[in-house]
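Structural overview for review
Residues per chain, in single letters:
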Amino acid sequence: MKFISTRGRAPSLSFADTVLTGLASDGGLYVPESLPKFSCEEIAEMAGLDYRELAFRIIQPFVGDDLSDDELRGIIERAYSSFRHSAIAPLVQTDSNEWILELFHGPTLAFKDFALQFLGQLFDHLLKKRDERVVVMGATSGDTGSAAIEGCRHCDNIDIFILHPHNRVSEVQRRQMTTVLSDNVFNIALEGNFDDCQNMVKASFADQSFLPDGRRLVAVNSINWARIMAQIVYYFYAALRLGAPQKTVNFSVPTGNFGDIFAGYLARQMGLPIDQLVIATNANDILHRCISDNDHSPKPLVHSLSPSMDIMVSSNFERLLFDLYGRDGNAVAELLADRSAPMQLDEAILGKARELFSSYRVDDTRTVETIRELHEQAEYLLDPHTAIGVEAARRVRKSTEQPMVCLSTAHPAKFPEAVARALPTHEIPLPAYMQDLFQREERMKVLPNDLQQVHDFMATALK
Ligand SMILES: Cc1ncc(COP(=O)(O)O)c(C=O)c1O
Ligand SMILES: N[C@@H](CCOP(=O)(O)O)C(=O)O
């Protein structure tokens, strides 16, 4: 399979080269030239497969000849061996046809582990085969960082640099990153917000001359196609358990960088019967405004109780635009050329987007109330991001006949401050292996929001 850029002006790449590249050279994101499609019969045959085998079936068509079946199976096996639940992604029913898909049983307690433990194993395999050493650079609003560090810290061929917004992630999230003291792990606390971190990463991919010894950058954010691909699997897994392909299933997805819900959109394009895909946002609601009012104007970022979704520039929206504009890279490049002017979609394109997605915005007050309400109704404890997905689903759901699956993107123990607002006396213990998190030594470098200073720090660390 070949992968092409959403801006149509970069060379097409193989799967392995796509994984080891960040942004395309024209500034676009890589997507498959064509999507694999599964027939109803083929999907029906997947019912009952365990998570790892299902992952193999979904991922294999993207990989082509770049990995043998045994190599791919080995990568999947190792990626999910650190998950603490035998189902990997268990479903819990919380109301009539309302389900929570628990995606927080990986080592760092968020859905990012699904793709990043896989990606760490994939990097390790490909880099050893090529005998190449690379520099991984990523931006995080709190969860990608620890999952990427966990996935890469044992890779001999990787040095990893993660930028997080200083004082804008929860203490648990920060410590999950900064207490990993391996020689190849570097945490940068940037005096800015997540968008500043992400801009810095993208600018670094565009000009990598600051790196010593001809080394190159590799991406762990969802600009990396493999991130999205691995996330498609759990949509199939959940839907199959709830009766697909005979039954249609709906999903509500707490959304920030548009990676997770884009994976759901792809699952539908690949043949999974999904009706509603709900974009659930916090007060940083650019995606909801875009779908509901064609208002794509950036506003100052709000520091919310769901900090991982405090994002204004959603990278993966570009991949959707590419499809909406008939896969015309020039049209996407033109649309995104002037990022200072608010983007305006034409009515036909907006109409298509509205057919594909519902959207809803949930503020901090309703987030807290939802955590409290679901705890009273079902004795179920939500993290603030998942609460946004549950509330949005309840507001925009078209039918209670079809299952609605709310993606639970993080464990509530990562956000004790938000949970305490809803349930002040409730204790949420961290898993046993993280019990001493608050006693562990931390290491990070606080840097101003200045590209040159970040590059100088990286170049010195890599000497
Ligand atoms: C806990 C949590 N929920 C939801 C999201 C939103 O996911 P996405 O960025 O893929 O839209 C993120 C990160 O972005 C997250 O960390
Ligand atoms: N919420 C994310 C933000 C980065 O998104 P990504 O999916 O592109 O890595 C985080 O937790 O860092």
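Cut-offs applied
- Residues numbered from 1 in each chain as written.
- Chains lettered and ligands numbered in written order.
- Predicted model: local features only at pLDDT ≥ 70, side-chain atom pairs only at ≥ 80, totals over all residues.
- Heavy atoms only, no water.
- Helix = DSSP H or I, 4+ residues; strand = E, 2+ residues; numbered from the N terminus.
- Rg over C-alpha atoms; globule rule 2.2 N^0.38 Å.
- Buried < 20%, exposed > 50% of the residue type's maximum accessible area, 1.4 Å probe, protein only.
- Areas by Shrake-Rupley, 256 points an atom, 1.4 Å probe, with all protein chains shown as cover.
- Lys, Arg positive; Asp, Glu negative; His and termini not counted.
- Charge placed at Lys NZ, Arg CZ, Asp CG, Glu CD.
- Pairing = 2+ DSSP bridges.
- Axes fitted to C-alpha atoms, helices over the stretch in contact; angles between N-to-C directions.
- Expected span 1.5 Å × (residues − 1).
- Contact = heavy atoms within 4.5 Å.
- Polar contact = N/O pair within 3.5 Å; in protein donor to acceptor, adjacent residues only side chain to side chain.
- Near = heavy atom within 4 Å.
- Nonpolar A, V, L, I, M, F, W, Y, C, P; charged D, E, K, R; others polar.
- UniProt positions renumbered as here; feature names shortened; annotations may be inferred.
- Parallel < 35°, antiparallel > 145°, perpendicular 65-115°, else oblique.
- Left-handed = near helix turned anticlockwise from the far one by under 90°.
- Right-handed = clockwise from strand over helix to strand, strands pointing away.
- Phe/Tyr/Trp six-rings, centres within 6.5 Å; stacked < 30°, edge-to-face > 60°.
- Lys NZ or Arg CZ within 6 Å of the ring centre and 35° of its normal.
- Core = buried A, V, L, I, M, F, W, Y, C linked by side-chain atoms within 4.5 Å.
- pLDDT = per-residue confidence, 0-100.

Scanning the chain from terminus to terminus reveals 18 helices and 13 strands. Taken over the C-alpha trace, the chain has a radius of gyration of 21 Å; the compact-globule value for 463 residues is 23 Å, and the two agree within 12%. By the burial criterion, 62% of the 463 residues in the chain qualify as buried. When the accessible area of the chain is evaluated, it comes to approximately 17,000 Å², of which 46% is carbon and sulfur surface. In the chain, 45 side chains carry a positive charge and 62 a negative one; their mean positions are 0 Å apart.

Our next topic: the sheet that holds strand β5 (residues 134-139). What the 5 strands build is an open sheet, ordered β8-β5-β6-β7-β13; its pairing is parallel. Whereas interior strands pair on both sides, the edge strands pair on one side only; in this sheet they are β8 (217-219) and β13 (445-448). Ignoring which end each strand starts from, the neighbouring axes of this sheet average 30° apart. For β5 and β8, the ladder comprises 3 bridges, and the chain directions are parallel.

The next thing to look at is helix α15 (residues 364-378). For α15, with 15 residues, the first-to-last C-alpha span of 21 Å sits near the 21 Å given by 1.5 Å per residue. Buried residues of α15: R366, T367, V368, T370, I371 and L374, and no others. Here the buried face of α15 lies against β3 (91-95), β4 (98-102), α16 (384-396) and α17 (416-422). Sitting at the amino-terminal end of α15 is D363, which places a side-chain oxygen 3.3 Å from the backbone nitrogen of T365.

The next subject is the site of ligand 2. Near ligand 2 you find 13 residues, and of these T140, D143, T144, N221 and S222 are the closest. Contacts to ligand 2 include K112, whose side-chain N or O atom sits 2.9 Å from an oxygen atom. Interatomic distance of 2.8 Å between a side-chain N/O atom of R227 and an oxygen atom of ligand 2. Burial of ligand 2 by the surrounding chains reaches 95%, relative to a free accessible area of 340 Å². The class makeup of the residues in the shell around ligand 2 is 2 nonpolar, 8 polar and 3 charged.

Here M1 lies in the segment before β1 (3-5). Look at M1 and you get partly exposed, because its relative accessible area is 33%. Filtering out sequence-adjacent residues up to four positions away, M1 remains in contact with L13, S14, F15, P32, S34, P36, P61 and F62.

A few words now on the UniProt feature "domain: Threonine synthase N-terminal" (unreviewed entry) in the chain. Under the UniProt annotation, "domain: Threonine synthase N-terminal" (unreviewed entry) lies at residues 2-80. Each end of residues 2-80 is marked by a C-alpha atom, and these two atoms are 27 Å apart; helix forms 47% of the span and strand 8%.

Across the interface, helix α5 (residues 112-130) lies against helix α9 (residues 225-241) with an axial gap of 8 Å and an inter-helix angle of 130°. As summarised for this structure, α5 and α9 are arranged oblique, according to the angle between their axes. As α5 packs across α9, the resulting crossing turns out to be right-handed. For the pair formed by α5 and α9, the contact residues are K112, F114, A115, L116, F118, L119 and L122 on the first element and A226, R227, M229, A230, Q231 and Y234 on the second. Partitioned by chemical class, the residues of the contact of α5 with α9 number 10 nonpolar, 1 polar and 2 charged.

Two numbers describe how helix α3 (residues 51-63) lies on α9: the axes approach to 9 Å, and their chain directions differ by 130°. With respect to α9, the axis of α3 lies oblique. Seen from above, α3 lies across α9 with right-handed handedness. For the pair α3 and α9, contact is made by Y51, L54, A55, I58, I59 and F62 and by W225, M229, A230, I232, V233, Y234, F236, Y237 and L240, respectively. Of the residues belonging to the contact of α3 with α9, the class tally is 15 nonpolar, no polar and no charged.

Moving on, we get to the site of ligand 1. Inspection of the region around ligand 1 gives 15 residues, with D143, G256, N257, D260 and T409 positioned closest. The contact in question runs from an oxygen atom of ligand 1 to an N or O atom on the side chain of K112, over 3.2 Å. In this structure, G259 approaches ligand 1 through a main-chain N or O atom, which is 3.3 Å from an oxygen atom. Calculation on ligand 1 without its partners gives an accessible area of 380 Å², and the protein chains cover 98% of this total. Residues belonging to the shell around ligand 1 are distributed by class as follows: 5 nonpolar, 7 polar and 3 charged.

With that settled, the discussion passes to the pairing of strand β9 (residues 249-254). Most of β9 sits inside the fold, with 6 of its 6 residues counted as buried. A crossover links β9 with its parallel partner strand β10 (residues 274-281), the connecting element being helix α10 (residues 259-269), and its sense is right-handed. As paired elements, β9 and strand β12 (residues 404-408) share 3 bridges and run parallel to each other. Paired with S252 across the two strands is C406, which belongs to β12.

Let us look at the packing of aromatic side chains. Within the structure shown, the criterion is met by 20 aromatic pairs. Clustering of aromatic rings is evident, with ring pairs tying together Y51, Y80, F83, F114, Y234, Y235, Y237 and F251. Across the ring face of F56, the terminal group of R73 is positioned such that the distance to the ring centre comes to 3.8 Å.

Turning our attention to the nonpolar core. The biggest cluster of nonpolar side chains holds 112 residues, and the ones touching the most others in it are F118, F123, F236 and F251. Residues within four places of F123 in sequence aside, it is in contact with V19, L20, V136, C152, I158, V218, A219, V220 and N224. Grouped together as the second largest cluster of nonpolar side chains are 35 residues, I100, F104, A418 and L430 included.

A few words on the confidence of the model for the chain. The predicted model of the chain averages 97 in pLDDT, with 100% of residues at 70 or higher. Here the predicted complex carries an ipTM of 0.99, next to a pTM of 0.98.

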